[in-house]
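Read off the chains here:
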Amino acid sequence: PPGKPTLYGSVTRRGLSSEGIPDIAASEGFLVQEVTKKSILISCPHENVSTKFLAPYTTFSRIHQKSITCLDISSGGGLGVSTSTDGTMKIWQAANGEIRVRASGFDVLHNLPVCDWCHWEQWLGALGSAWEMRCFFCVSEHGLCFHAGILDTAIVERGRNVVSCSRDGTARLWDCGKSACLGVIADCGSPVNGIAVGTADDSLNLGTPENPPSEREIGTEGKILLLAREDKKLQGVGLQSRQPVFLFVGSDAFNCCTFLSSTYILAGTQDGNIYQLDVRNTSAPIQVIHRSGAPVLSLLPYRDGFIASQGDGTCFILQQDLDYVLDLTEADCDPVYKVASWEKEIYTCCRDGIVRRYQLSDL
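What counts as what
- Counting restarts for each chain: residues are numbered from 1 in the order of the written sequence.
- Only residues with pLDDT of at least 70 get local features here, since the model is predicted, and only at 80 or more are side-chain atom pairs given and counted; chain-wide, interface and lining totals rely on the full set of residues.
- Side-chain metrics rest on all non-hydrogen atoms present in the structure, leaving aside hydrogens and water.
- UniProt positions are given in the numbering used here, feature names are shortened, and annotations may be inferred rather than shown by experiment.
- To define a nonpolar core, start from buried Ala, Val, Leu, Ile, Met, Phe, Trp, Tyr and Cys residues and group those joined through side-chain atoms within 4.5 Å.
- We call a residue buried when its accessible area falls under 20% of the maximum for its residue type, exposed when it is over 50%, and partly exposed in between, using a 1.4 Å probe and counting protein chains only.
- Helix and strand assignments follow DSSP, with helices taken as H or I runs no shorter than four residues and strands as E runs no shorter than two, numbered in order from the N terminus.
- Strand pairing is assigned whenever DSSP identifies at least 2 bridges connecting the two strands.
- Only the stretch in contact is used when a helix axis is fitted, and all axes are lines through C-alpha atoms; the angle between N-to-C directions ranges over 0 to 180 degrees.
- The contact criterion used is simple: two residues touch if any of their non-hydrogen atoms lie within 4.5 Å.
- We define a salt bridge as a contact between a side-chain nitrogen of Lys or Arg and a carboxyl oxygen of Asp or Glu at a distance within 4 Å.
- Surface patches are defined over residues having more than 30% relative accessible area and no salt bridge, joining like charges when they lie within 9 Å and nonpolar side chains (Val, Leu, Ile, Met, Phe, Trp, Tyr) when within 5 Å.
- Each accessible area is a Shrake-Rupley result for a 1.4 Å probe, and residues are judged covered by the shown protein chains and nothing else.
- Whenever a nitrogen or oxygen atom comes within 3.5 Å of another N or O atom, the pair is scored as a polar contact, on the condition that within protein one atom can donate a hydrogen and the other can accept it, and that pairs from neighbouring residues in sequence are kept only if both atoms are in side chains.

As annotated in an unreviewed UniProt entry, the chain carries the name PAAF1 factor and comes from Neopipo cinnamomea. Looking at the Sequence similarities (unreviewed entry) heading of the UniProt record, one finds this comment for the chain: "Belongs to the WD repeat PAAF1/RPN14 family."

Another aspect to go through is the nonpolar core. The nonpolar side chains of soluble globular proteins are, as a tendency, buried together. With 18 residues, the main nonpolar core has Ile224, Leu226, Leu234, Phe246, Phe254, Cys257 and Ile265 as its most contacted residues. Of all the elements in the fold, those that place two or more residues in this core are β16 (223–229), β18 (244–249), β19 (254–259), β20 (264–269) and β21 (273–278). Ile317, Tyr324, Ile346 and Tyr358 belong to the second-largest nonpolar core, a separate cluster that totals 17 residues.

Through backbone hydrogen bonds, the strands of a sheet pair up, either in parallel or in antiparallel fashion. Within the open sheet, the 4 strands sit side by side as β11-β12-β13-β14. Their pairing is antiparallel. The sheet terminates laterally at β11 (150–156) and β14 (180–187), the two strands that pair on one side only. Taken over all neighbouring pairs, the strand axes of this sheet differ in orientation by 25° on average, direction set aside. Here strand β12 (residues 161–166) runs beside strand β13 (residues 170–175); their pairing, made up of 5 bridges, is antiparallel. Considered in β13, the bridge of Cys165 is made with Ala171.

Spatial ordering of the open sheet is given by β6-β29-β28-β27, a layout of 4 strands whose pairing is antiparallel. Of all the strands in the sheet, the pair left with one neighbour each is β6 (58–60) and β27 (336–342). The mean angle between the axes of side-by-side strands here comes to 20°, regardless of whether they run parallel or antiparallel. Relative to strand β28 (residues 345–350), β27 runs antiparallel, the two being bridged by 6 bridges. Across the sheet, residue Ser341 finds its bridge partner in β28, namely Ile346.

In this section: the pairing of strand β7 (residues 68–73). With 6 of its 6 residues buried, β7 lies for the most part within the structure. Across 5 bridges, β7 lies against strand β8 (residues 79–84) in antiparallel orientation. By the bridge assignment, Ile73 is partnered in β8 with Gly80.

Time to look at the environment of Gln33. Along the chain, Gln33 turns up in strand β3 (residues 31–35). For Gln33, a relative accessible area of 48% gives the class partly exposed. Remark: the alpha-carbon pair of Gln33 and Lys52, spanning 19 residues in sequence, is separated by 9.5 Å. Leaving out residues up to four positions away in the same chain, Gln33 has contacts with Leu41 and Ser43.

Another aspect to go through is the pattern of salt bridges. The final tally for this structure, using the stated rule, is 13 salt bridges. Measuring nitrogen to oxygen at the nearest pair gives 2.5 Å for the salt bridge that ties Asp175 to Arg216. One end of the pair, Asp175, is in strand β13; the other, Arg216, is in the loop between β15 (192–199) and β16, and 41 residues separate them in sequence. Exposure remark for Arg216: the relative accessible area of 25% places this residue in the partly exposed category. A salt bridge links Glu330 to Arg356; its shortest N-O distance comes to 3.4 Å. Here Glu330 is found in the loop between β26 (324–328) and β27, whereas its partner Arg356 is found in strand β29 (residues 355–359), with 26 residues between them in sequence. Its relative accessible area of 3% is what places Arg356 among the buried residues. Linked by salt bridges that have partners in common, Glu330, Asp352 and Arg356 make up one network.

A surface patch of nonpolar side chains, about 240 Å² in accessible area, is lined by Leu260, Tyr264 and Ile286. A relative accessible area of 31% means that Leu260 is categorised as partly exposed.

Attention shifts here to the pairing of β15. β15 sits mainly inside the fold: 6 of its 8 residues count as buried. Sheet analysis places β15 next to β16, joined by 7 bridges and oriented antiparallel. Residue pairing in the sheet places Val197 in a bridge with Leu225 of β16.

Glancing now at the side chain of Ser241. For Ser241, the location among the structural elements is in the loop between β17 (233–238) and β18. Judged by relative accessible area, Ser241 falls into the buried class, the value being 6%. One polar contact links the side chain of Ser241 to the main-chain carbonyl oxygen of Leu206, over a distance of 2.4 Å. At 3.1 Å, the side chain of Ser241 forms a polar contact with the backbone nitrogen of Gln243.

Next comes the structure, spelled out in structure tokens:
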């Protein structure tokens, strides 16, 4: 707990039952409450906290040959797509990792939500060219390569418009159908590492556009764009108005951000802080969660909480009750770059080149 000395303990496996379930004992001050073949629940009664450590249900080690920088799961849960520093993008069966489509010849596809396109399963046969149009045109229009260009993208409603952010400090709105830039949403003067688009709370003043929106601009009204900036600032901008809504200064560079609801947002920093903010009043965070000093690399809303991954291999699920944490294990010390979920399944990608699939019972 914050402000208190760290409590250390150990667990020891004393044997296996006839069903293959390990017999585990904890040192003084800790209690092993539940053990299965895939999980261990350990509590510290004195502090009234507990953590369940969950092992992967399946691991896919042959999808890519090098680090996997990003992945996502289709809306139906049947397909996954991932990109790697081996220069490939691959689409695979989420159940078994069998590769369906392979695209190669890229430099490094870093941090792009590569399959966050609505209903993209329907376009599997044409995905290669469709993906190139929808993503690489952002790079060419910025005039930058992947190594110094696009850092994140976000979909607006059904995907006719996309927002990108870049090392040049800009966030831009794109018309996918015409591969054209519809305008600069924000120019921050500092690299923008991550973005998120969400519906704004009704009480929030998003400002008024200085010019009428293009007829090609679809679904931007009532939306707010979050910008996780390198200069330690988290910014909110009206997506249609292009007007600033709030500016929050954190402890270090912001790497990622997401919406928990129309009111509450999360943002993670390079020094391991996760800020929860109310967009209606960002003068002070609701809470700051800090589990380690490693960079927070991804945040994903999940049920009534969220999933976070960090640069030291930590990946955990935190519900509203902060006294209970679910740790997704096995990445060890390799950074977990991205997390995706579908119903009770969670997928992670890691520097070690392995996709891990976790199955969750009721939390």
